[in-house]
Structure formats: structure tokens, C-alpha cells
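Survey of secondary and tertiary structure
Here is how the chains run, residue by residue.
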Amino acid sequence: MTLTKSKYYFEALDNYPYSLPDCLEALNYALSYDPEDADSLCLMGRIYSEMLIDYEKAKLYFEEAMQCDVTNLNTPKYYIKCLLDNEDLQEAEKLIEYSLKIKGIDKATLWFYRALLSEKRGSFNNALKFLDQASKYCFNQYSLDIVKDRKKFIKSKMPKKNKKKKETK
């Protein structure tokens, strides 16, 4: 990463999401210096996914970022979130499986997203199992609290067992 490109990338990152015009200007400069910079492409994907809700365009940027640097630690987590939001569940599952093999990646987030995927499919028991996996990789209280809150939320969505069925048996 050249010094100038880094400057513009960090400027874009600093402005995201509070000043999108400034963010986009700096990001376009960064991409003009290196059109294959995975972090800049990932940030552009985030803008389309999180701000503009244009998942198809976002996916193009994320795919390009992955092609430019398959070991980038930032791209998979944002790409997976985009896929989940767009209900591309099979693609998200494949990317999660691949990403769990990347050395140094935040596995707690990936397991959390795997739980969301199961939840979207209606498999609450599996979602709870994946949240247990996520909690093993939480290394601060904030992450652990998020996982615990999600477990509680999923349990509240699960159907309650009928006491009448137990009494008739």
C-alpha cells in the first residue's frame, strides 16, 4: 500500500459513515492509485450494502476485493453480512466455511453470522449451537454480551413446549 493511497483510504475510513461525500471522494482517490486494493474495494462494498442498500452492486465490490486479496481479514465479515441481508443464504454459508480457515480472522463474528444464517432458515436449535461456538471465540465482554443477548432473543422466539401434551402421556 503506497503512502498516498493509504492516506486516502484512512481518510475515507475516517469519514465513513458520517460524511459519505467526503468518504467517497477519498475512496475514489485511493482506488485511482490502486484499483485492486482489497480494503478500499471492501469499503466501497460497505457503502453500497449498508448505506445505499444496493446489495447487487455491493456484492460486485466484495467479490472483486476477495479476488484481489483472498486472505484479507476485513472483506469476508462485511461480505457475509451483505449476503445475509440479501438472503443469499447458500453463498453466505460457503463464504463462512471458507473464512473460518483464514488465519487471524475474527471467528466469533463468523460463528455469530452462522447462527444468524440458521436463524433465518428457522433452525433455532442450530443457531444456539453456533452461538455457543461464537462464545468460545469471544475475547472481550462486549462480544460475549452480544452473543448472550442473541441467545436470549432466539430462545424467546422458540415455541414453548405444551404442558398438556406431557400430562396426557
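Here is a short report on the structure shown in this document. Predicted model, so just to flag it, every value in this text is computed and none were measured.

Turning next to helix α6 (residues 89-99). Buried residues of α6: Leu-89, Ala-92, Glu-93, Leu-95, Ile-96 and Ser-99, and no others. Each buried residue of α6 lies within a common arc of 165° when the element is viewed along its axis, so the set occupies one face. The exposed residues of α6 that point more than 90 degrees off its buried face are Gln-90 and Lys-94. Turning to α6, the residues buried within the fold contact α4 (55-68), α5 (75-85) and α7 (107-120).

Time to look at the layout of surface pockets. Estimated volume of the largest pocket: approximately 210 Å³. Of all the secondary structure elements, the ones that give two or more residues to the lining of the largest pocket are α7 and α9 (141-157).

Here we come to the pattern of salt bridges. With the rule as written, the count across this model stands at 11 salt bridges. For Glu-11, the salt bridge identified is with Lys-7, shortest N-O distance 3.4 Å. Remark: Lys-7 and Glu-11 occur in helix α1 (residues 3-15); sequence separation between them is four residues, near one turn of the helix. Looking at Lys-7, the relative accessible area reads 47%, which means it is partly exposed. We note a salt bridge from Lys-157 to Glu-119, for which the minimum N-O separation is 2.7 Å. Highlighted residues: Lys-157 in helix α9 and Glu-119 in helix α7, separated in sequence by 38 residues. The buried category is assigned to Glu-119, whose relative accessible area is 8%. Taken together, the salt bridges that share partners define one network made up of Glu-56, Lys-59, Asp-88 and Glu-91.

This part takes up the packing of α6 against α7. Between α6 and α7, the least distance of the axes is 10 Å, while the angle of their chain directions is 155°. Between α6 and α7, the interaxial angle falls into the category roughly antiparallel. Seen from above, α6 lies across α7 with left-handed handedness. Contacts between α6 and α7 involve Leu-89, Glu-93, Ile-96 and Ser-99 from the first element and Leu-110, Tyr-113, Arg-114, Leu-117 and Lys-120 from the second. Taken together, the residues of the contact of α6 with α7 sort by class into five nonpolar, one polar and three charged.

Reading guide: rules and limits
Residues numbered from 1 in each chain as written. Predicted model: local features only at pLDDT ≥ 70, side-chain atom pairs only at ≥ 80, totals over all residues. Heavy atoms only, no water. Buried < 20%, exposed > 50% of the residue type's maximum accessible area, 1.4 Å probe, protein only. Helix = DSSP H or I, 4+ residues; strand = E, 2+ residues; numbered from the N terminus. Arc of directions from axis to C-beta. Contact = heavy atoms within 4.5 Å. 1 Å grid on protein atoms, 1.4 Å probe; cavity = no way out; pocket = protein on both sides within 12 Å on 5 of 7 lines; lining within 4 Å. Points joined across faces, edges and corners; volume = space filled by probe spheres on them. Salt bridge = Lys/Arg side-chain N within 4 Å of Asp/Glu carboxyl O. Axes fitted to C-alpha atoms, helices over the stretch in contact; angles between N-to-C directions. Parallel < 35°, antiparallel > 145°, perpendicular 65-115°, else oblique. Left-handed = near helix turned anticlockwise from the far one by under 90°. Nonpolar A, V, L, I, M, F, W, Y, C, P; charged D, E, K, R; others polar.

What is shown is where atoms sit, not what they do.
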